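One-letter residues, chain by chain:
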Amino acid sequence: MLFCFCLQKIMKGIIFLSCLLAVVVSGKYTDKYDNFNYKEVIENDKLLTAYMNCFLDKGPCTPEGKEARGHFEDALQNGCEECTEKQKEGIEYCIRYLIEKKPEHWKSLCDKFDPTGKYKKQYEEEAQKRGIKIP
């Protein structure tokens, strides 16, 4: 019973985060998920590992996760111009969390999606204004 409950929580988190990323990066931004507890997902090592494996092509993905992974560059290019304020807050929290608490995950994402450092340079000043030091 406990296993089923845990599996259900993990799957719920994976599906939600995948949907959120797909929506945010697809240009069809919506406020549908603005009240989701993204902290619960990113602070859960099992959920975070599952998403990292998906995004880094090291493990299985939900269809939504696979689609989101394919649109990361678009999201980086447009600076999340069409995001709601809550989405921007969530993205900032996740970035800050990865940089400060899971730097190996942050490095892996940067290596894959920003190997030349183009986006780091593009967003570094804004990150500094928000108190985030991009490594």
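Quick caveat: nothing in here was measured; it's all calculated off a predicted structure.

(A) Focus on the state of the cysteines. On inspection of all chains with the given rule, the structure shows one disulfide. The partner cysteine of C54 in its disulfide is C61, sulfur to sulfur 2.1 Å. What sets the handedness of the C54 and C61 disulfide is the S-S torsion sign, and at about 110° it is right-handed. C61 sits in the partly exposed class, given a relative accessible area of 27%.

(B) Layout of the environment of G131. Mapping G131 onto the fold places it in the segment after α8 (118-129). Judged by its relative accessible area of 53%, G131 is exposed. Along the chain, G131 and R96 lie 35 residues apart, while their C-alpha atoms are 9.1 Å from each other.

(C) Geometry of the packing of aromatic side chains. With the rule as written, the count across this model stands at two aromatic pairs. Pairing Y93 with Y97 gives two aromatic rings, centres 6.2 Å apart and planes at 25°, and the pair type is stacked. Remark: Y97 and Y93 occur in helix α6 (residues 85-101); sequence separation between them is four residues, near one turn of the helix. Since its relative accessible area comes to 23%, Y93 is described here as partly exposed. Judged by its relative accessible area of 11%, Y97 falls in the buried class. Directly above the aromatic system of Y93 lies the positively charged group of K39, at a separation of 5.0 Å from the ring centroid.

(D) A look at the packing of helix α3 (residues 45-55) against helix α7 (residues 103-113). Here α3 crosses α7 at 15°, and the two axes come no closer than 11 Å. With respect to each other, α3 and α7 are oriented roughly parallel. The two elements α3 and α7 meet at a crossing, and its hand is left-handed. Where α3 abuts α7, its residues L48, M52 and F55 lie against H105, S108, L109, K112 and F113. Class assignment of the residues belonging to the contact of α3 with α7 gives a composition of five nonpolar, two polar and one charged.

The rules behind the values
- Residues numbered from 1 in each chain as written.
- Predicted model: local features only at pLDDT ≥ 70, side-chain atom pairs only at ≥ 80, totals over all residues.
- Heavy atoms only, no water.
- Disulfide = S-S within 2.5 Å.
- Buried < 20%, exposed > 50% of the residue type's maximum accessible area, 1.4 Å probe, protein only.
- Helix = DSSP H or I, 4+ residues; strand = E, 2+ residues; numbered from the N terminus.
- Phe/Tyr/Trp six-rings, centres within 6.5 Å; stacked < 30°, edge-to-face > 60°.
- Lys NZ or Arg CZ within 6 Å of the ring centre and 35° of its normal.
- Axes fitted to C-alpha atoms, helices over the stretch in contact; angles between N-to-C directions.
- Parallel < 35°, antiparallel > 145°, perpendicular 65-115°, else oblique.
- Left-handed = near helix turned anticlockwise from the far one by under 90°.
- Contact = heavy atoms within 4.5 Å.
- Nonpolar A, V, L, I, M, F, W, Y, C, P; charged D, E, K, R; others polar.

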